[in-house]
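# Summary of the model geometry
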Amino acid sequence: MTNIKSERKEFWSMLLSLALPIAFQHLLVNSLTFIDTLFMSQLGDIALSASGMAGQWNWLMNMISFGLCSGSALFIAQYWGAKKISDIRRTHNIAVVSGLAVSIVFALVAILIPDKIMWIFNRNTDVIKAGSGYLSAVAFAYPATVMTSIQSTVLRSTEKVRLPMAVSCISVILNVFLDYAMIFGKFGFAPMGMRGAAIATAVSAWIGYGVLLIVSFFQSNIVVDSLKELFNFNFADYRAFMKKASPVIFNELMWGLGTVCTNAIYSNTGYENYAACTILRTVESICMILFIGLNDGGAVIVGKTIGEGKLDTAYERAKRLVISAPVISAFIATFAITFKEKVIYLFNMSGNITSTTVAIAGTLITIYAIELCFRNIPYTMVCAIFRSGGDSVTGAKFDIICLWGMAIPASFIAAFVLKIPFIYVFLIGYLVEDIPKSIMCIRHFVSRKWIKPVTLEKE
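Analysis parameters
- Residues numbered from 1 in each chain as written.
- Predicted model: local features only at pLDDT ≥ 70, side-chain atom pairs only at ≥ 80, totals over all residues.
- Heavy atoms only, no water.
- Helix = DSSP H or I, 4+ residues; strand = E, 2+ residues; numbered from the N terminus.
- Rg over C-alpha atoms; globule rule 2.2 N^0.38 Å.
- Buried < 20%, exposed > 50% of the residue type's maximum accessible area, 1.4 Å probe, protein only.
- Contact = heavy atoms within 4.5 Å.
- Areas by Shrake-Rupley, 256 points an atom, 1.4 Å probe, with all protein chains shown as cover.
- Lys, Arg positive; Asp, Glu negative; His and termini not counted.
- Charge placed at Lys NZ, Arg CZ, Asp CG, Glu CD.
- Salt bridge = Lys/Arg side-chain N within 4 Å of Asp/Glu carboxyl O.
- Expected span 1.5 Å × (residues − 1).
- Bend = angle between axes of the 7 residues up to and from the residue.
- 1 Å grid on protein atoms, 1.4 Å probe; cavity = no way out; pocket = protein on both sides within 12 Å on 5 of 7 lines; lining within 4 Å.
- Points joined across faces, edges and corners; volume = space filled by probe spheres on them.
- Patch = residues over 30% accessible without salt bridge, like charges linked within 9 Å, V, L, I, M, F, W, Y side chains within 5 Å.
- Phe/Tyr/Trp six-rings, centres within 6.5 Å; stacked < 30°, edge-to-face > 60°.
- Lys NZ or Arg CZ within 6 Å of the ring centre and 35° of its normal.
- Axes fitted to C-alpha atoms, helices over the stretch in contact; angles between N-to-C directions.
- Parallel < 35°, antiparallel > 145°, perpendicular 65-115°, else oblique.
- Left-handed = near helix turned anticlockwise from the far one by under 90°.
- Nonpolar A, V, L, I, M, F, W, Y, C, P; charged D, E, K, R; others polar.

Turning our attention to the overall build of the protein. Looking only at helices and strands, the protein has 16 helices and zero strands in total. Against the globule reference of 23 Å for 459 residues, the protein gives a C-alpha radius of gyration of 22 Å, in line with a compact fold. C-alpha extents for the protein along the principal axes are approximately 60 × 45 × 40 Å. Relative to its full complement of 459 residues, the protein shows a buried share of 55%. Here the contacts in the protein between residues at least 6 apart in sequence split such that 85% fall between residues at least 24 apart. Approximately 19100 Å² of the protein is accessible, and the part contributed by carbon and sulfur atoms is 69%. Across the protein, 37 positive and 27 negative side-chain charges occur, with their mean positions spaced 4 Å apart.

This is how it looks when you write it as structure tokens:
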């Protein structure tokens, strides 16, 4: 019993030491999203809706980036437990080169044909025009954003969480200042509206990445490589990485595309509906901060423990994460419902948001909060446990079945065939995806088939 208590104490001590800085980093990033959306709401429904729709292209790129980060973390946490530093560096290099290529492609498309991207989400000419200007400018931030995400993941996976947190702090403070100055024309800047917000994002992203590189150079940490060393991997290394990482990347890409399709369905039911969704997404990002910190920290611990060869201990530690998911979800749901009116009021202080948008946003937040437990159980298992355990395939399979096979068709039929009210379209999409996925994930977790040490594959 003493050993169990000691191990439990050690686990929570390790988890909190990793999770709190990670959660604070995401608090900073999501606070920026909240403030950015708050500023956009002062420009009216069209600006708020257009920025949200333009953000879907950024969202899709971020999903691929997140896939690369998760695929890298899958290897690095286990290599860190096995003390295989050269393998960590090789994984970092493959992820950086791949991420840079992806970000450049997304940036070029957004710069060259922003109106075509906006057309996917809405046919309103005012919305397309406003969103296109924003998208073509914010695209310059993409390479810096992706590089920062990948290298921050590498640092966190090796239990170095302070530098990524500090970089986020600098980027967010600078972005908020430039947002306010460039959107509204303060401190000598000309008022640029939505395009000012995009430029502010690009400038702060590159400065933040520059700080990351400079500090890493002086620390001589694990992300520092010369240009020659950056390409110090061969096809066999790349193939081994992609064998495990490609299902994760595919998973995030398909989930990101699924989210884009879902948002396209929502946006084509009316821009007021999507403006309400934009408010919800901002609230959702704030509500997920604690979960992201716990899951990212938990993934490092579970992966490291498996890398050390302690498979039973890894399972017990993963089980503690699973049990905590519904408990924390209930706490967050209560918070969201209690303060939803105050949060929505912040977006409508200028009175530029219609009463319809305000009413819909309030209902969406309530639905999201009540359903949060079912959403977070599979999120914890897929992102924090299965992947860190070496199982990169199962999450992709469950997402394709539940999102593409069930939720998206159900939402489309509800919106455009049955033509039921938007609130019910939203509710159907959530329930049809999350409840079956939760059941599938729990069964797979109990089977322990997700424990697949990647370090043994290279022996």
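There is more to say after this.
Bringing the pattern of salt bridges into the picture now. The full count for this structure, using the stated rule, is 12 salt bridges. A salt bridge links Asp87 to Arg90; the nearest nitrogen and oxygen atoms lie 2.8 Å apart. Taken as a pair, Asp87 and Arg90 lie in helix H3 (residues 85-112) at a separation of three residues, close to a single helical turn. According to the relative accessible area criterion, Asp87 is buried, its value standing at 10%. Relative accessible area serves as the criterion here: at 23%, Arg90 is assigned to the partly exposed category. A single salt-bridge network, built from bridges that share partners, covers Arg375, Asp399, Glu433, Asp434 and Lys437.

With 24 residues, helix H15 (residues 394-417) should reach 34 Å at 1.5 Å per residue; the first-to-last C-alpha distance of 32 Å fits that figure. By the largest-angle criterion, Ala407 marks the main kink of H15, which is about 30°, and a proline, Pro409, follows within four residues. Buried positions along H15 lie against helix H10 (235-267), helix H14 (355-386) and helix H16 (422-447). Looking one or two places after H15, you find Lys419, whose phi comes out positive at around 55°.

Using the criterion set out here, one finds two cavities of 30 Å³ or more in the structure. Taken as a whole, the second largest cavity spans an internal volume of roughly 30 Å³. As for the second largest cavity, its lining consists of Met14, Leu18, Glu159, Val300, Ile301 and Lys304. At the level of secondary structure, the elements contributing two or more residues to the lining of the second largest cavity comprise helix H1 (2-41) and helix H12 (289-307). If you tally residues by element for the lining of the second largest cavity, the top one is H12, at three residues.

In this section: a nonpolar patch on the surface. Judged by side-chain polarity, Leu100, Ile104, Leu108, Ile111, Leu112, Ile113 and Phe140 come together as a nonpolar surface patch covering roughly 630 Å² of accessible area. Tracing the sequence through the fold places Ile113 in the loop between H3 and helix H4 (114-121).

To continue, consider the packing of aromatic side chains. For the structure shown, the criterion picks out 20 aromatic pairs. A centroid spacing of 5.9 Å and a plane angle of 35° characterise the contact between Phe75 and Tyr79, whose relative ring orientation is tilted. Note that Phe75 and Tyr79 are positioned in helix H2 (residues 45-82) at a spacing of four residues, about one turn of the helix. When sorted by exposure, Phe75 lands in the same class as Tyr79, which is buried. The rings of Phe39, Phe177, Tyr180, Phe184 and Phe187 are connected pair by pair, giving a single aromatic cluster. Positioned over the ring face of Tyr315 is Arg448, at 3.8 Å from the centre of the ring.

On to the packing of H2 against H10. Running from N to C, H2 and H10 cross one another at 160°; their axes reach a closest spacing of 8 Å. By the angle class used here, H2 and H10 are roughly antiparallel. Once H2 is placed against H10, the crossing between them reads as right-handed. Class assignment of the residues belonging to the contact of H2 with H10 gives a composition of 18 nonpolar, nine polar and two charged.

Any functional reading would require information beyond the geometric quantities listed.
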